[in-house]
Amino acid sequence: MKTRVTTMVRIFIRKHKNLAYILYYSFFVFFLYRLSVITIRGTGQSKTIICASWLTVIFFFVFSNKSLKWWIGFPIVLIACLYAPVAAKYGPPNYYLLGSLLGTDSQEIKDYISIIKLRDYLISIKIITYFVVTILISRMKYLFKIQWMNKLPRANYQAIIIALLIIVVPPLDFFHNVYNAYNELNVMSNKMLPQDWQITSVSPKYKDYVLVIGESARRDYMHLYGYPIPNTPFFDSIEKEVLSNITASDFNTISSLTKTLNLIDKNNRNYKYGQHIISLAKSAGFETFWLSNQGRNGLYDTPVSKIAIESEHVIFLKNGTFDDNPFSDSDLLPFFKSYIEQSPTVPYRLFVLHLKGSHIDPCSRVINYSKKLHFEHNKHNKQIECYINSIKQTDELLGELYSILQNNKEHSGRSFSMFYISDHALSYDKHKKVFTYEPNRIKQYEIPFVKISSDTQKNTIYTSRKSAIYFFEEFAHWIGVKSKLFEDMTLFSDKIYTDIVIDGITANDKEDDKALDLSK
């Protein structure tokens, strides 16, 4: 059958040579162009006509040569095929994505992968399909006895020329992005240089400042924010200031806290290396402490741990990754109590506590928690039950921190103020009945932010829209530091401070992910 078809094709070519050539190259170029478009999309790059056309030209030479199609064409297509599902969720490779993968634990990497939907893998199937069809078409050129390719330089010279083109031209910025992200991680491995903050005044209102960074807490599952189940008894009992409409800087820990704890250019979301809260506090004369129940590093120090180790006093319950040794957040309390009761070497101190909180797989966070709420009728939503209890567990921890600070104030007279903010929230997959990461769902960003101070005398709720991308400015205002480098402003006001990226997610999110009430 194959021989008969081949014979018929040869006869057609002899009779209609010019038409056959036109048809062959039309199909060949068409599929090369489609392969170029889908490959660029698979690497997360912009799919412009110019980029796709340029890559089509490169692919034309690559797939017209037996050696080049496998030594250059196949690796490019393979990378695009493997990365395409990731690109569908996270876009092109960048510092935050690479840092998250290299700086997090194996479970969280599994969580990142688990949010990729089945439809996101369809682009990989398309890439494979176009690649196979293009290969088959390229192999048909022997029927036309095409000779002009033999007059080109030898395959090794072609490979060098095309490799240089691929590296230089925009269509495959994928490799540039990976290289730049890797270089930025290497820069992170070096000690941060002192920053010239151009401080104009330092006038702290309190003696001790405590920043508690929660993990994966979503505010609509907190009684403080209206959830019907009483899982925030400490917050409910104390006078505080509350931001009821604030969103996280990003959807996961690394990228969110990098944007939250550093001074950020609000237009392009970039930050200057080394300009973070610890650097500012130290420059203002604060003694700094960092206590963490998160892992210090994966293959690299994370951007967050690099900020942490700039503190003068550092405690990591885990020296490895997030899931090394299952410490409880409450294990930080003895260290905090010891530090807070020490005689200060300077007038003002900053304490940062980074919790494990309500991280994905909340049931593993509350295994040893003795004060869990139970819902006998709840047989199908154990994840939500555990999540509710993980929030209650964090609320209890915050109550103990407050008691330590209050007792220290009574004995030493040191006033205090405490922030509680979560790095990001979580989305709930109703089909799988699990909490997960979903970058395009607004619930992934709806976090709590609460301020409690030793002199707070009434409850105040601010309902205007806010973004944690302005947290650095709020932090500076909180500790009483002014500088020429940033605006003196506060989020605890009626003024609106939003993030255009999150506003876009809000506008496009049509999913119904309301908090599920287990009390009914």
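Residues numbered from 1 in each chain as written. Predicted model: local features only at pLDDT ≥ 70, side-chain atom pairs only at ≥ 80, totals over all residues. Heavy atoms only, no water.

**Let's talk about the overall build of the chain**
Check the secondary structure of the chain and you find 18 helices and 16 strands. Out of the 520 residues in the chain, the part that is buried amounts to 55%. Across the chain, contacts joining residues at least 24 apart in sequence account for 78% of those joining residues at least 6 apart. With the model as given, the accessible surface of the chain reaches about 24200 Å², and the carbon-plus-sulfur share is 58%. (Helix = DSSP H or I, 4+ residues; strand = E, 2+ residues; numbered from the N terminus. Buried < 20%, exposed > 50% of the residue type's maximum accessible area, 1.4 Å probe, protein only. Contact = heavy atoms within 4.5 Å. Areas by Shrake-Rupley, 256 points an atom, 1.4 Å probe, with all protein chains shown as cover.)

**Quick notes on the state of the cysteines**
According to the stated counting rule, one finds one disulfide in the structure shown. There is a disulfide in this structure between C363 and C386, and the S-S distance comes to 2.1 Å. With the S-S bond torsion at 95 degrees, the cross-link from C363 to C386 turns out right-handed. In this pair, C363 is assigned in the loop between β9 (349-354) and α16 (382-412) and C386 in helix α16, connecting sequence segments 23 residues apart. (Disulfide = S-S within 2.5 Å.)

**Concerning the confidence of the model for the chain**
Detail in the predicted coordinates should be disregarded across regions flagged by low pLDDT. Averaged over every residue, the pLDDT of the chain is 82; the share at 70 or more is 78%. Note on residues 320-324: pLDDT is under 50 here. Beyond four places in sequence and across chains, it has 18 contacts. (pLDDT = per-residue confidence, 0-100.)

**A look at unusual backbone geometry**
For residues other than glycine, phi is negative in most cases, and the peptide bonds are mostly trans. Despite not being glycine, S216 has its phi angle at roughly 60 degrees, a positive value. The topology assignment puts S216 in the loop between β2 (208-214) and α11 (233-237). For D361, which is not a glycine, the phi torsion comes out positive at approximately 65 degrees. Within the secondary structure, D361 sits in the loop between β9 and α16. Given a relative accessible area of 31%, D361 falls into the partly exposed group.

**Let's talk about the pairing of strand β13 (residues 449-453)**
Counting buried positions over the five residues of β13 gives five, a clear majority of the element. Of the pairings in the sheet, the one linking strand β3 (residues 241-243) to β13 comprises three bridges and is antiparallel in character. By the bridge assignment, V242 is partnered in β13 with V450. For strand β10 (residues 416-422) and β13, the ladder comprises five bridges, and the chain directions are antiparallel. (Pairing = 2+ DSSP bridges.)

**What about the packing of aromatic side chains?**
Across all of its chains, the model carries 35 aromatic pairs by this definition. On the basis of an interplanar angle of 40 degrees and a centroid distance of 5.7 Å, the ring pair of F234 and F235 is categorised as tilted. Here the two residues F234 and F235 agree in accessibility, since each one is buried. Feature note: the residues Y206, Y209, F286, Y348, F419, F449, Y462, F471, F475, W478 and F492 constitute an aromatic cluster, connected by ring pairs. One Lys or Arg, K266, reaches over the ring of Y470 and ends 5.1 Å from the middle of that ring. When the ring centre of F492 is taken as reference, the NZ or CZ atom of K451 above it lies at 4.7 Å. (Phe/Tyr/Trp six-rings, centres within 6.5 Å; stacked < 30°, edge-to-face > 60°. Lys NZ or Arg CZ within 6 Å of the ring centre and 35° of its normal.)

**Describing the pattern of salt bridges**
Evaluation of the coordinates by the stated rule reveals 16 salt bridges. Between E341 and K337 there is a salt bridge, with the nearest N and O atoms lying 2.8 Å from each other. Here E341 pairs with K337, and both are found in helix α15 (residues 333-341), just four residues apart, close to one helical turn. Measuring nitrogen to oxygen at the nearest pair gives 3.1 Å for the salt bridge that ties E446 to K443. When sorted by exposure, E446 lands in the same class as K443, which is buried. Sharing partners across several salt bridges, the network here consists of R218, D220, R441, K443, E446 and D513. (Salt bridge = Lys/Arg side-chain N within 4 Å of Asp/Glu carboxyl O.)

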